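# Architecture and fold: a report
Read off the chains here:
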Amino acid sequence: MLLVAYYLLVAGPRMRLQRKRREVELELEQARAEIEVKRKEALLEARDEANRLRKEIERETKDRRVQLQRAERRLHQREESLERRADALEKRERQIQSKESEVERLRELAEQERQRWRQEIERVSGMSFEDARNIVLAKAEEEARHQAAMLLEQIEQETKREADRRARQIISLAIQRCAVDQVAEMTVSAVPLPSDEMKGRIIGREGRNIRAFEQLTGVDLIIDDTPEAVVISAFDPIRRETARLALETLISDGRIHPGRIEDAVKKAQALMEERIQEAGDRAIFETGVTGLHPELVRLLGKMRFRTTLGQNALDHSIEVSNLAGVLAAELSANEAVARRAGLLHDIGKAVDFEMEGTHTAIGVELARRYHESEEVIHAIAAHHEDEPFRTPEALVVYAADAISAARPGARRESLEGYIKRLDRLEKIAQSCPGVERSFAIQAGREVRILVKPNEVDDAMASALAREIAEKIQSSDLEYPGQIKVTVIRETRSVEYAK
């Protein structure tokens with residue numbers, strides 16, 4: 001029992017401890033064996049990797065060595081090529097120096113030969129080299145001038161044709177888009193009467209009626225032997241029209257005495273103010289111009305009763321405004337400024353009989369007084385070329401004014417002035433040298449000049465036409481539109497067969 005107890009208490013645990021120790025030692029041995037195996041495997045892998053890397057390095061080194069050898073061969077070949085090229089260049093340079101020496105020797109020989117021939121030519125011709133050169137240069141200059149004149153004429157003709165074509169296109173488009181009546185207007189100052197008995201009633205007892213009428217209206221009432229008509233004479237067209245309305249009212253009413261005359265004149269004046277305002281409103285409505293000062297609108301209305309050579313001033317201004325607007329739109333200018341300036345360009349004619357100065361200066365003063373823009377004022381001032389054009393709108397208004405004044409039926413001039421203008425045109429053309437005869441044709445719109453063919457050649461004819469045109473432009477001659485200058489050079493050869 002004691003042995004069993006001892007075994008259970010002492011020998012049992014010791015045996016278990018020894019067994020456990022043997023198990024641990026066995027596991028350690030196994031772990032050491034596995035570690036050794038793995039170490040050997042890792043060593044083998046490292047050796048293999050080292051061999052692989054060494055082989056790759058050797059292969060790369062070999063490739064680099066081959067590339068370096070190839071590069072060395074190329075450099076060697078390049079050096080050999082450069083050396084051969086340098087040798088060739090040195091040889092070429094020696095050849096060039098030799099040829100330059102030969103060329104210099106030949107040049108000296110040629111110069112000596114040229115000097116000998118020059119002396120021989122001067123001896124034979126009896127003329128120095130400088131004289132011969134001057135003759136040749138003069139001949140060359142003459143030929144060059146002639147060719148330049150011919151070329152200039154050709155360029156001018158082509159330029160004129162293109163400019164005329166473009167101008168005709170623009171102007172025709174503007175005129176087509178601005179339809180107006182092709183008639184001339186005149187203010188009527190004669191008043192018809194139902195009978196000659198009415199003349200006595202107009203005069204009144206001891207002339208009191210006619211005196212009262214003339215005093216109230218400011219006109220002269222001419223009653224002569226003209227059957228059934230009286231004539232109203234006044235410098236102011238507004239007064240003349242007012243008197244005409246008052247007289248027509250008195251004639252239709254039949255009661256003519258100073259009191260009735262005063263009432264009729266007041267009604268006529270009120271009616272004229274309405275008509276003036278209506279005419280001004282119609283003008284700005286037809287042209288599309290807005291923002292005008294009321295006094296300018298009233299002055300436009302007064303132009304309804306003003307005429308220039310048979311052309312109504314207000315209708316002319318409306319036409320110029322529309323034409324200027326169309327032309328400005330075609331030329332990419334300021335259409336609003338062109339229309340406004342075209343409508344106001346003759347505004348001075350509304351009061352030119354009341355103020356000192358030309359209608360252009362008066363118009364500029366009125367436009368400045370009523371705060372118009374500087375572009376509009378400049379266009380008004382330049383529409384008769386009183387000052388140089390600074391804006392395209394001013395040039396457009398000038399062209400539109402010329403087109404309106406030059407259209408058929410727009411204006412009429414007296415026979416005496418017409419004949420003087422034609423005679424002046426012919427005298428201007430006749431004043432130029434080389435002109436044989438000149439003719440003003442087509443109502444003064446064209447001048448044809450016959451020149452002497454032995455004094456004026458074809459190239460000079462173009463220059464002569466330009467000179468005559470400039471003389472006409474620089475003269476004080478007034479003419480509508482433009483004048484065409486045509487120079488005719490004719491050569492005739494006559495022989496007789498006997």
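What counts, and at which threshold
- Residues numbered from 1 in each chain as written.
- Predicted model: local features only at pLDDT ≥ 70, side-chain atom pairs only at ≥ 80, totals over all residues.
- Heavy atoms only, no water.
- Helix = DSSP H or I, 4+ residues; strand = E, 2+ residues; numbered from the N terminus.
- Buried < 20%, exposed > 50% of the residue type's maximum accessible area, 1.4 Å probe, protein only.
- Contact = heavy atoms within 4.5 Å.
- Areas by Shrake-Rupley, 256 points an atom, 1.4 Å probe, with all protein chains shown as cover.
- Expected span 1.5 Å × (residues − 1).
- Axes fitted to C-alpha atoms, helices over the stretch in contact; angles between N-to-C directions.
- Parallel < 35°, antiparallel > 145°, perpendicular 65-115°, else oblique.
- Left-handed = near helix turned anticlockwise from the far one by under 90°.
- Pairing = 2+ DSSP bridges.
- Phe/Tyr/Trp six-rings, centres within 6.5 Å; stacked < 30°, edge-to-face > 60°.
- Patch = residues over 30% accessible without salt bridge, like charges linked within 9 Å, V, L, I, M, F, W, Y side chains within 5 Å.
- Salt bridge = Lys/Arg side-chain N within 4 Å of Asp/Glu carboxyl O.
- Lys, Arg positive; Asp, Glu negative; His and termini not counted.
- Charge placed at Lys NZ, Arg CZ, Asp CG, Glu CD.
- Polar contact = N/O pair within 3.5 Å; in protein donor to acceptor, adjacent residues only side chain to side chain.
- Core = buried A, V, L, I, M, F, W, Y, C linked by side-chain atoms within 4.5 Å.

Here the focus is the overall build of the chain. For the chain, the count of helices and strands is 14 helices and eight strands. When each of the 498 residues of the chain is scored for burial, the buried share is 30%. For the chain, contacts bridging at least 24 residues in sequence account for 62% of all contacts bridging at least 6. Element-wise, carbon and sulfur atoms account for 53% of the exposed surface of the chain, whose accessible area totals about 33,600 Å².

As a further point, take helix α14 (residues 458-474). Counted at 1.5 Å a residue, the expected span for α14 with its 17 residues is 24 Å, and the 25 Å between its end C-alpha atoms agrees. Along α14, the residues that are buried comprise Ala459, Ala461, Ser462, Leu464, Ala465, Ile468 and Ile472.

What follows concerns the packing of helix α6 (residues 258-287) against helix α8 (residues 313-330). Put simply, α6 and α8 touch, their axes get as near as 9 Å, and they point 15° apart. Classified by the interaxial angle, the pair formed by α6 and α8 is roughly parallel. In this structure, α6 meets α8 at a crossing whose hand is right-handed. Touching Ala279, Arg282, Ala283, Glu286 and Thr287 of α6 are Leu314, Asp315, Ile318, Ser321 and Asn322, all from α8.

With that settled, consider the sheet that holds strand β6 (residues 435-441). By way of backbone hydrogen bonds, the strands of a sheet pair with one another, either parallel or antiparallel. Strands sit in the order β6-β7-β8 across an open sheet of three strands; the sheet is mixed. Sheet topology places β6 and β8 (484-489) at the edges, where each strand pairs with a single neighbour. Taking the axes of each pair of neighbouring strands and ignoring which way they run, one obtains an average angle of 20° across the sheet. Here six bridges tie β6 to strand β7 (residues 446-451), and the two strands are oriented antiparallel to one another. Within β7, the residue paired with Ser438 across the bridge is Ile449. Packing of α14 onto the sheet brings it into contact with β6, β7 and β8, and relative to β8 it is tilted by some 150°.

With that settled, the discussion passes to the packing of aromatic side chains. Counted under the stated rule, the structure contains one aromatic pair. When the ring of Phe389 is compared with that of Tyr398, the centres are 5.3 Å apart and the planes differ by 50°; the resulting orientation is tilted. A relative accessible area of 28% places Tyr398 in the partly exposed class.

If you walk across this open sheet you meet the three strands as β1-β3-β2, and the pairing is antiparallel. In this open sheet, the two edge strands, each paired with only one partner strand, are β1 (190-192) and β2 (220-222). Averaged over all adjacent pairs, the angle separating strand axes in this sheet is 25°, with direction ignored. Sheet analysis places β2 next to strand β3 (residues 229-233), joined by three bridges and oriented antiparallel. When the sheet's bridge partners are listed, Asp220 is paired in β3 with Ser233.

Bringing a negative patch on the surface into the picture now. A surface patch of negative charge is lined by Glu79, Glu80, Glu83, Asp87, Glu90 and Glu93. Tracing the sequence through the fold places Glu93 in helix α1 (residues 2-125).

Considering the arrangement of structural elements, one finds Arg255 in the loop between α5 (237-253) and α6. Separated by 54 residues in sequence, Arg255 and Arg201 have C-alpha atoms that sit 8.7 Å apart. For Arg255, the contacting residues outside a window of four places in its chain are Arg201, Leu250 and Arg260. Looking at Arg255, its side chain comes within polar contact range of the side chain of Asp253, at 2.9 Å.

Let us look at the pattern of salt bridges. Per the stated rule, a full pass over the model turns up 29 salt bridges. Residue Asp315 is joined to Arg282 by a salt bridge in which the shortest nitrogen-to-oxygen separation is 3.6 Å. Of this pair, Asp315 sits in helix α8 while Arg282 sits in helix α6, and the two are 33 residues apart along the sequence. Judged by its relative accessible area of 29%, Arg282 falls in the partly exposed class. Through salt bridges that share partners, Glu241, Arg244, Glu248 and Arg275 make up one connected network.

Moving on, we get to the side chain of Thr287. Within the secondary structure, Thr287 is located in helix α6. Setting aside chain neighbours within four positions, we find Thr287 in contact with Ile318, Ser321, Asn322, Arg339 and Leu343.

Our focus in this paragraph is the nonpolar core. Core analysis: the largest hydrophobic core is formed by 42 residues, its most contacted members being Leu292, Leu300, Leu344 and Ile347. Mapped by element, the contributors of at least two residues to this core are α6, α7 (294-302), α8, α9 (335-344), α10 (359-369), α11 (374-382) and α12 (392-406). Of the residues forming this core, the biggest block, eight residues, is contributed by α8. With residues up to four places along the chain from it excluded, the contact list for Leu344 reads Leu292, Leu296, Leu300, Glu372, Val376 and Ile380. Formed by 27 residues, the second largest nonpolar core is a distinct cluster that contains Val191, Met198, Leu245 and Ile261.

Here Ser332, not a glycine, exhibits a phi torsion of approximately 60°, which is positive. Relative to the helices and strands, Ser332 resides in the loop between α8 and α9. Positive phi values are uncommon outside glycine, yet Glu385 reaches one of about 60°. Here Glu385 lies in the loop between α11 and α12. Judged by relative accessible area, which is 51%, Glu385 ranks as exposed.

Turning to α7, a few remarks are in order. The set of residues buried in α7 consists of Leu296, Val297, Leu299, Leu300, Gly301 and Lys302. Of the surrounding secondary structure, the elements contacted by the buried residues of α7 are α5, α6, α8, α9 and α10.

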